[in-house]
Amino acid sequence: MTRPRLVLLSTSPRVAPGLMSSQAWSVLQEGRVLVGSPDHAALPYLEAADVPVEVVSQSSPRALAQRLVAEAVEHGVVVWLVADDGDPDLGLALPAAVAAAPTPPELEMLPGSYDLPGAALLDLVAVMDRLRSPGGCPWDAKQTHESLVTYLVEEAYETIEAIETGDRDHLREELGDLLLQVVFHARIAAEDQESPWSIDDVAADIVAKLVRRHPHVFADVQAPTAEHVEANWEVLKAAEKGRESSVDGVPTGLPALALAAKLMSRAAKAGVPVSADPDDSSFGGRLLRLVAEAQAAGADAEAELRAAARRYADAVRAAEQRPSNPSQ
């Protein structure tokens, strides 16, 4: 005699239910299918596949567990569609219900689908949509591209700080905050009445750009070293943007040291023989020469100054903590 089976079928809420495994579809066709909510994401797909599903409601996890065990004993194979939260209370109640059954069914956990890499990004998009939609967060709903500029800059700098201090947990958090800004701006753009675009358009654009700018990976261009790759990138970028000068497109809103370093780097890559003026004795001229000196030494002037500033801040804190000398 075949032992009855109670199959707990779980699916990823981030993967289309129609993409369940062949094993999952097989057991769905074989057994009696039960679910706890009429809103389960798999129901439309099961209906389209002519798989009957009964929605059951019990007053407690214990009662539901007893019901499922009894159904399995009666029908041979019962499939329970696990909710998105994993039905933890049901999982705790099932062992006792199985043990108490006159003919204990075989209890089986069957993952019908798994998260794909990057699937959690869908959760972020969904949360952002909820915050911006009617009934969401008033603060989030009133934001614009312009009002978020300050936060975008702050999050970028906080991410840089996490990298430079080597705090990986902090870096993970700050990358999340930075990612939020991208999703936030894309959600605002999707609401534009004249020319809307979404986070999918943002992702599609950068995918196309990466493929286009990496012909040595996606086409037959040869680029055996990182230097070749960088040179090809700049040539392709210049052609795409239609720029006339090597320094076109450098954002002047960069911090001054980073701006100077970027301009010098662009000029050097283009083979333009322009260096800092040694006769410029202004503060700006002297700083420019320091940037050139840092580049010649393979250092990042902006990062070096930030590191020095952090050391200075540490020294200030240490001085503030020293006990004062009452004799002075």
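Residues numbered from 1 in each chain as written. Predicted model: local features only at pLDDT ≥ 70, side-chain atom pairs only at ≥ 80, totals over all residues. Heavy atoms only, no water.

Moving on: the overall build of the chain. Looking only at helices and strands, the chain has 14 helices and 5 strands in total. Here the chain has a C-alpha radius of gyration of 30 Å; the compact-globule value for 328 residues is 20 Å, and the former is much larger. Oriented by its inertia axes, the alpha-carbon framework of the chain measures out at about 95 × 75 × 45 Å. Looking at the 328 residues of the chain, the share that counts as buried comes to 26%. Sequence separation of at least 24 residues holds for 61% of the intrachain contacts in the chain that already meet a minimum separation of 6. Counting every atom, the chain has about 21100 Å² of accessible surface; 57% of that belongs to carbon and sulfur. (Helix = DSSP H or I, 4+ residues; strand = E, 2+ residues; numbered from the N terminus. Rg over C-alpha atoms; globule rule 2.2 N^0.38 Å. Buried < 20%, exposed > 50% of the residue type's maximum accessible area, 1.4 Å probe, protein only. Contact = heavy atoms within 4.5 Å. Areas by Shrake-Rupley, 256 points an atom, 1.4 Å probe, with all protein chains shown as cover.)

Structurally, Ser21 can be placed in the loop between β1 (5-10) and α1 (22-30). Among residues more than four places away in sequence, those in contact with Ser21 are Pro111 and Gly112.

Okay, helix α7 (residues 149-165) next. Over its 17 residues, α7 extends 25 Å from the first C-alpha to the last, a length consistent with the 24 Å expected when each residue adds 1.5 Å. One or two steps after α7, the chain reaches Gly166, where phi turns positive at roughly 75 degrees. (Expected span 1.5 Å × (residues − 1).)

The residue Asp50 is not glycine, and still its phi comes out positive at about 60 degrees. Structurally, the position occupied by Asp50 is in the loop between α2 (43-48) and β3 (53-55). Even without a glycine there, the phi angle at Asp87 is positive, about 50 degrees. Judged by its relative accessible area of 18%, Asp87 falls in the buried class.

For the rest of this paragraph, the subject is the pattern of salt bridges. For the coordinates displayed, the defined rule picks out 16 salt bridges. Taking the shortest distance from any N to any O, the salt bridge between Glu71 and Arg67 comes out at 2.9 Å. With Glu71 and Arg67 both in helix α3 (residues 61-75), this residue pair falls 4 residues apart, about one helical turn. Exposure remark for Arg67: the relative accessible area of 23% places this residue in the partly exposed category. Linked by salt bridges that have partners in common, Arg32, Glu54, Arg67 and Glu71 make up one network. (Salt bridge = Lys/Arg side-chain N within 4 Å of Asp/Glu carboxyl O.)

What follows concerns the packing of α7 against helix α8 (residues 168-190). Across the interface, α7 lies against α8 with an axial gap of 8 Å and an inter-helix angle of 155 degrees. Relative to α8, α7 is oriented roughly antiparallel. Here α7 runs over α8; the crossing is left-handed. Along its contact with α7, which presents Tyr151, Leu152, Glu155, Ala156, Glu158, Thr159, Ala162 and Ile163, the element α8 presents His170, Leu171, Glu174, Leu175, Asp177, Leu178, Gln181 and His185. Class assignment of the residues belonging to the contact of α7 with α8 gives a composition of 8 nonpolar, 4 polar and 4 charged. (Axes fitted to C-alpha atoms, helices over the stretch in contact; angles between N-to-C directions. Parallel < 35°, antiparallel > 145°, perpendicular 65-115°, else oblique. Left-handed = near helix turned anticlockwise from the far one by under 90°. Nonpolar A, V, L, I, M, F, W, Y, C, P; charged D, E, K, R; others polar.)

Let's shift gears to the side chain of Ser12. One can find Ser12 in the loop between β1 and α1. Taking relative accessible area as the criterion, Ser12 reaches 8% and is therefore assigned buried. At 3.1 Å, the side chain of Ser12 forms a polar contact with the backbone nitrogen of Arg14. Discounting residues that sit within four places of it in the chain, Ser12 has contacts with Ser113, Tyr114 and Asp115. (Polar contact = N/O pair within 3.5 Å; in protein donor to acceptor, adjacent residues only side chain to side chain.)

Turning to the sheet that holds strand β2 (residues 32-35), a few remarks are in order. In space, the 5 strands of this open sheet follow the order β3-β2-β4-β1-β5, with parallel pairing throughout. Unpaired on one side and paired on the other, β3 and β5 (106-111) mark the two borders of the sheet. Neighbouring strand axes in the sheet, compared pairwise and without regard to direction, differ in orientation by 25 degrees on average. (Pairing = 2+ DSSP bridges.)

Attention shifts here to α8. If you check α8, its first and last C-alpha atoms are 33 Å apart, about what 23 residues at 1.5 Å a residue would give, namely 33 Å. Listing the buried residues of α8 in full gives Glu174, Gln181, Val183, Phe184, His185, Ala186, Arg187, Ile188 and Ala189. Tucked into the core, α8 has its buried residues touching α5 (120-132), α6 (138-142), α7 and α9 (199-213). With a side-chain oxygen lying 3.3 Å from the backbone nitrogen of Asp169, the N-terminal cap of α8 falls on Asp167.

Right, let's talk about a negative patch on the surface for a bit. Together, Glu154, Glu158, Glu161 and Glu173 give the surface a local cluster of negative charge. It is α7 that contributes the most residues to the negative patch, 3 residues altogether. In this fold, Glu161 is placed in helix α7. (Patch = residues over 30% accessible without salt bridge, like charges linked within 9 Å, V, L, I, M, F, W, Y side chains within 5 Å. Lys, Arg positive; Asp, Glu negative; His and termini not counted. Charge placed at Lys NZ, Arg CZ, Asp CG, Glu CD.)

The next thing to look at is the environment of Ile188. Its place among the elements puts Ile188 in helix α8. The exposure class assigned to Ile188 is buried, which follows from its relative accessible area of 11%. Through-space distance from the C-alpha of Ile188 to that of Ala261 is 34 Å; in sequence the pair is 73 residues apart. Residues contacting Ile188, with those up to four places away along its chain left out, are Arg132, Gln143, Thr144, His145 and Leu148.

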